[in-house]
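Chain by chain, the residues:
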Amino acid sequence: MTPPDNLKTLILEAQRLLLICHVTPDGDAIGSLLGLGWSLRKAGKQVTLACPDTTPTELQFLPGADEIGPARPEALAQAEVIVILDSSDRERIANQYAEAPFLAKPVIVIDHHVTNVLFGDVNWVEPTAAATAQMCAELIRQLGLPLDEEVALCLLTGIVTDTRCFRTSNTTAEVLAAATRLIEAGASLADVTERVFRDNSLARICLWARALGGVQMKDRVIWTEVSREMLKACGAGTRDTTGLANFLDATRDTDVSIVLVEKNGKVEASMRAQRGVDISGVAFGLGGGGHPQAAGFTRQGTLAEIREQVLSATWAALREQGRA
Ligand code: AMP
Ligand code: MN
Ligand code: MN
């Protein structure tokens with residue numbers, strides 16, 4: 001895994017950088033943002049950390065999480081370089097960045113999604129990487145940038161969350177070696193797993209009970225839906241659906257799991273696939289993206305409309321891939 005030379009030069013030479021991660025950020029988005037951000041700061045650079053959405057509660061323990069917010073126009077104007085993390089297209093960082101000053105700066109994209117549309121001026125995309133945080137750790141190592149306990153904790157969180165604690169099929173020896181280096185630098189794996197995977201509220205349990213009550217399964221696909229009414233009845237938020245698709249993915253005799261969540265007149269879909277099945281194309285075709293085994297999209301429509309679209313596209317993909 002080697003970052004392109006022009007990416008290294010841009011990062012080393014810039015004094016003021018703006019780092020951005022994707023909307024509804026996950027552990028890899030926030031972990032990469034903070035990990036690379038802290039390392040660059042400790043190398044003496046001025047770094048602004050931006051994300052269009054708030055940090056989920058289970059990631060708020062990370063150092064610097066409280067300063068992440070939408071990019072201010074001054075930060076945008078002052079930055080010499082913009083680094084976009086864990087995002088496969090421009091929509092993933094929201095429209096506010098489609099502004100003139102943004103386009104005038106060199107934009108670096110660091111990402112591991114196979115569906116990345118290469119929208120930066122310099123694109124470093126490694127679909128075999130298990131997490132963008134793994135790529136950031138490698139970049140820091142190759143550039144000789146500071147790696148202390150804070151940096152390591154953020155990056156380890158990114159790797160742990162995107163690999164579901166080293167359980168996904170892309171968890172290679174290289175991933176474990178990267179995680180080992182972060183633990184050697186002072187990050188505690190026990191702290192990360194406890195913080196990240198022990199954050200359920202009663203409202204979340206209530207929501208999962210309802211969502212699991214509505215599960216359906218047909219032709220090797222298992223799915224469920226979360227409506228606005230369900231969220232309201234439980235006092236839960238759309239973030240409380242995180243992990244539900246992974247839970248369904250563990251169902252015997254299924255190839256694909258899908259969770260549909262109603263959100264602001266749109267539907268947010270989370271998809272998971274068994275090893276040997278690839279649903280990144282289905283998600284990409286419906287306006288999103290992702291990895292072979294984990295993908296998603298957000299699309300205008302009702303739950304019933306999106307369910308029809310995603311199920312027919314999924315069964316078509318399964319037939320094409322010789323699974324049905
Ligand atoms: P999630 O189900 O939200 O955990 O997302 C699974 C994977 O799909 C992650 O790698 C996401 O980056 C990707 N993904 C989810 N939603 C979208 C979207 N709207 N556009 C592109 N990629 C997405
Ligand atoms: Mn992500
Ligand atoms: Mn990721």
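Everything below is about the structure printed above this text.
My aim in this report is to walk through the structure given alongside it, one point at a time.

Reading the values: rules and limits
Residues numbered from 1 in each chain as written. Chains lettered and ligands numbered in written order. Predicted model: local features only at pLDDT ≥ 70, side-chain atom pairs only at ≥ 80, totals over all residues. Heavy atoms only, no water. Donors = N, O, S within 2.8 Å, 3.2 Å for Na, K, Ca; no water. Helix = DSSP H or I, 4+ residues; strand = E, 2+ residues; numbered from the N terminus. Buried < 20%, exposed > 50% of the residue type's maximum accessible area, 1.4 Å probe, protein only. Pairing = 2+ DSSP bridges. Axes fitted to C-alpha atoms, helices over the stretch in contact; angles between N-to-C directions. Contact = heavy atoms within 4.5 Å.

1. Focus: the coordination of the manganese ion (ligand 3)
In the first shell of the manganese ion (ligand 3), the protein supplies Asp28 (OD), Asp86 (OD), His112 (NE2) and Asp162 (OD), at 2.2 to 2.3 Å from the metal. In the primary structure, the donors to the manganese ion (ligand 3) are separated according to the pattern D-x57-D-x25-H-x49-D. Between the manganese ion (ligand 3) and the manganese ion (ligand 2), a spacing of 3.7 Å is present, and a bridge between the two is formed by Asp86. With His112 in the loop between strand S4 (107-111) and strand S5 (122-125) and Asp162 in helix H6 (residues 149-162), this pair connects stretches of sequence that are 50 residues apart. Residue classification places His112 among the buried residues on the basis of a relative accessible area of 1%.

2. Concerning unusual backbone geometry
Note: most peptide bonds trans; most residues except glycine with negative phi. One non-glycine residue, Asp86, adopts positive backbone phi at about 60°. Inspection of the secondary structure assignment puts Asp86 in the loop between strand S3 (81-85) and helix H4 (100-104). Residue classification places Asp86 among the buried residues on the basis of a relative accessible area of 1%. We note that Arg220 has phi near 70°; this positive angle belongs to a residue other than glycine. Its place among the elements puts Arg220 in the loop between strand S6 (216-218) and strand S7 (221-226). The partly exposed category is assigned to Arg220, whose relative accessible area is 33%.

3. Describing the sheet that holds strand S1 (residues 16-21)
Note: strands within a sheet are paired through backbone hydrogen bonds, in either parallel or antiparallel orientation. Judged by pairing direction, the sheet is parallel, and its five strands sit side by side in the order S2-S1-S3-S4-S5 without closing on themselves. At either end of the open sheet lies a strand with only one pairing partner, and these are strand S2 (46-50) and S5. In this sheet, neighbouring strand axes are inclined to one another by 15° on average, regardless of whether the strands run parallel or antiparallel. Sheet topology places S1 next to S2; five bridges connect them, and they run parallel. Across the sheet, Arg16 pairs through a bridge with Gln46, a residue of S2. Here helix H2 (residues 27-42) sits on the sheet in contact with S1, S2, S3 and S4, set at roughly 170° to S1.

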